[in-house]
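Commentary on secondary and tertiary structure
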Amino acid sequence: MIKMINFLIALMAIFQVASAQETEDLMSDTKQSLYSDILNEERGFWVSLPDSYFQDGNSYKEYPLLIVLDGDSHFNTTSTMVRYMSSDRYRSWKAPEMIVVGIQNVDRRRDYTPEKIITVRENNSGGGEKFLQFLEKELIPHLDQNYRTTPFRILFGHSLSGLLATHAYMKEESLFQAFIAVDPSFGTWDAETMDQKLDTLTQKPFDRYIYFATANWGKRNFSNRDRHLRLFEALNSKSEKDLHAKLEYFENESHSSVPLIAFHNGFSAIFKGYDISYRDVDSPSHLKNHFAEISERLSWEFLPPESLVNQLGYSKLRSREDDEKSQAIDYFIMNTKNYPESHNAYSSLGEGYEVLGERSQAVENYTKSLMLYPENEYVKIKLSDLKKEKE
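The structure contained in this document is the topic of the report that follows. What you are looking at is a predicted structure, and each value in this text was computed from that prediction instead of being measured.

Parameters and conventions
Within any chain, residue numbers begin from 1 and follow the written order of that chain's sequence. Per-residue local features are limited, in this predicted model, to residues with pLDDT of at least 70; the limit for side-chain atom pairs, both in listing and counting, is 80 or more; totals at the level of whole chains, interfaces and linings are taken over all residues. To get the side-chain values, all heavy atoms of the structure are used, and hydrogens and water are removed first. Comment: elements are numbered from the N terminus, with helices defined as DSSP H or I runs of at least four residues and strands as E runs of at least two. For every residue, the accessible area (1.4 Å probe, protein chains only) is compared with the maximum for its type, and the residue is labelled buried under 20%, exposed over 50%, or partly exposed between those bounds. Throughout this description, a polar contact denotes any pair of N or O atoms lying within 3.5 Å of each other; where both atoms belong to protein, one of them has to be capable of donating a hydrogen while the other can accept it, and for residues adjacent in sequence the pair is counted only when both atoms sit in side chains. In this description, a line fitted to the C-alpha atoms serves as the axis of each element, helices being fitted only across the stretch in contact, and the angle between N-to-C directions of two axes falls anywhere from 0 to 180 degrees. Here, two residues are considered to be in contact whenever any of their heavy atoms come within 4.5 Å of each other. Nonpolar residues are Ala, Val, Leu, Ile, Met, Phe, Trp, Tyr, Cys and Pro. Charged residues are Asp, Glu, Lys and Arg, and all others, Gly as well, are polar. The rule for pairing is simple: two strands pair if DSSP sees at least two bridges between them. Viewed with both strands pointing away, a crossover whose connecting path from the first strand over the helix to the second turns clockwise is right-handed. Each pair of aromatic rings taken from Phe, Tyr and Trp, with Trp reduced to its six-membered ring, is defined by centres within 6.5 Å and is described as stacked if the planes are under 30 degrees apart, edge-to-face if over 60, and tilted in the remaining cases. For this classification, under 35 degrees means roughly parallel, over 145 means roughly antiparallel, 65 to 115 means roughly perpendicular, and everything else is oblique. With the far helix as reference, a near helix turned anticlockwise by less than a right angle produces a left-handed crossing, and one turned clockwise produces a right-handed crossing.

Moving on: the environment of R279. Counting through the fold element by element, R279 comes out in the loop between α8 (258-270) and α9 (284-298). Judged by its relative accessible area of 64%, R279 is exposed. Taking the C-alpha atoms as reference points, R279 and R225, separated by 54 residues in sequence, lie 40 Å from one another. Here Y278 takes part through its side chain, which lies 3.4 Å from a polar atom of the side chain of R279.

Right, here's the structure in full:
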C-alpha cells in the first residue's frame with residue numbers, strides 16, 4: 001500500500017511538471033497522419049520528441065523508438081513518463097531518451113487480433129498481420145526518414161493491443177527488439193491456437209525482450225492468470241538460453257487500472273541497470289562491462305550514457321589524488337570515442353587536460369569542440385585564455 005501511495009505521489013509530480021511545461025513542449029508533441037496503402041485508410045498518430053532533440057549542438061543525437069498502441073488512451077501518460085524517466089531535466093536517467101509515437105485507433109478488434117475470432121455474429125477481426133505490416137513497412141520507415149531514430153524499437157500494448165504485441169514478439173521476423181504486453185487478451189487464443197504458435201516458435205524471438213503484466217480479474221482471475229502464466233512458462237521452457245522476459249501480477253489493479261503502473265514497471269524492467277549511479281562505478285572497464293550486459297540482454301548496443309561518463313570524469317577530476325585525476329581523462333576519452341560528434345565530449349576532455357597542465361592537448365580538444373559547435377562561447381573563452389597564457 002505504501003509503495004502504491006508513493007507511486008501515485010510521484011505520478012502527480014510528473015503531471016504537475018508536464019502541465020507547467022505544456023506550452024514549451026508544444027513543439028515536440030504533434031498530431032500527424034499518414035495514408036496507408038496497406039490498410040487503405042488515413043491513420044493518425046502523435047509524436048513526442050525528447051527534451052534534448054532541439055537543443056543546440058545536439059543534432060548528432062539519435063533516439064530509440066517507442067510505439068504506443070491505443071494511443072488515444074495511453075500516449076499522453078506514456079510519453080510524459082518516458083520523458084520524466086530519461087531526460088537530463090529530471091536527472092532520473094532510468095532509460096535512454098526516446099521518440100514516443102502513439103497510434104490513434106480506428107478499429108481495435110480488426111487491427112489488434114492476429115487471427116479471425118469466430119462469433120455468432122459476423123465480425124471483421126483478424127487484421128493484426130496487416131496492421132503490423134502498416135507499422136513496419138509504412139509508419140516506421142516514415143518516422144526513420146523524418147526523425148533521428150535508431151533501429152532499437154519497443155512495442156507497447158494493453159488488452160487486445162497487448163495480444164498483438166505478444167504475437168509480434170513470437171514472429172520469426174520483427175522490427176521490434178522489446179515488447180510490453182499489459183494484461184493481453186489471451187481469451188481470444190484457445191489452447192489449440194496457443195499450442196500451434198508455440199510449436200512453430202523458433203529461437204529467434206528469444207533474442208528479444210518481453211514484459212507481461214497480469215491484472216486482477218476478480219471472479220475470472222484464475223483463468224486470466226493461468227493463460228498468461230502458461231504462455232510465460234512455455235516460452236521459458238523453449239528458450240535455449242536464459243529467457244529475457246518478466247511476468248508481473250498486480251493483485252490490486254484491475255484490467256482498466258493496470259496500464260499506467262505496468263508500463264512504468266515494464267519500461268524499467270527493459271532498461272534494468274541503465275540508471276547505475278556514478279558512485280557505483282569502479283573503473284572505465286567496469287562501466288563498459290555493465291553496459292555490455294544490458295546490450296546483450298536487449299540485443300542492441302547501448303553505450304554508457306554521455307552524461308554519466310561526463311559525471312564520472314568530473315568527479316575524478318576534482319579528486320586530490322593524481323592517479324584519480326588522470327583516470328578522468330580515460331572517461332572523457334571514452335565519450336569522444338563513443339560520441340565523436342559531441343562538442344561537449346571534446347570540451348570536457350579539453351578541460352581535463354587543462355587541469356592536468358597539458359596545455360597543447362587542451363587547446364587541441366577545445367578546438368575540436370568549437371569546430372563541432374562554433375557558437376559555444378565558453379569554449380571560445382577557454383581557447384582565448386590559453387593562448388594568452390602562452391604569449
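Once you've had a look at it, read on.
For the pair α9 and helix α11 (residues 322-338), the least separation of the axes is 10 Å and the interaxial angle reads 35°. Here α9 contributes P284, L287 and K288 to the contact with α11, which in turn contributes Q327, D330, Y331 and M334. Tallied by class, the residues present in the contact of α9 with α11 amount to four nonpolar, one polar and two charged.

Within strand β6 (residues 178-182), five of the five residues are buried, which leaves the element mostly enclosed by the surrounding structure. In β6, alternate side chains face the same way, and those of A178, I180 and V182 on one face and F179 and A181 on the other are all buried. Bridging between strand β5 (residues 149-158) and β6 involves five bridges; their strand directions are parallel. Within β6, the residue paired with I154 across the bridge is A178. Considered for its hand, the β-α-β crossover made up of β5, helix α5 (residues 160-170) and β6 is right-handed. Direction of pairing for β6 relative to strand β7 (residues 209-215): parallel, over a ladder of five bridges. Each residue of the ladder has a partner; that of F179, found in β7, is I210.

Counted by the stated rule, this structure contains 22 aromatic pairs. With 5.4 Å between their ring centres and 15° between their planes, F263 and F267 make a pair best called stacked. Of this pair, F263 and F267 both sit in helix α8, four residues apart, which is roughly one turn of that helix. Residue F263 is classed as buried on the basis of its relative accessible area of 1%. Relative to F302, the ring of Y274 lies with its centre 6.5 Å away and its plane at 90°, an arrangement referred to as edge-to-face.

For the rest of this paragraph, the subject is the packing of α11 against helix α12 (residues 343-355). Where α11 contacts α12, the two axes come as close as 8 Å, and the packing angle between them is 160°. With respect to α12, the element α11 is oriented roughly antiparallel. Crossing angle aside, the handedness with which α11 passes α12 is left-handed. Contacts between α11 and α12 involve I329, F332, I333, N335 and T336 on the former and, on the latter, A345, Y346, S348, L349, G352 and Y353. Along the lines of polarity and charge, the residues of the contact of α11 with α12 split into seven nonpolar, four polar and no charged.

Scope: geometric values only; no functional claims are made or implied.
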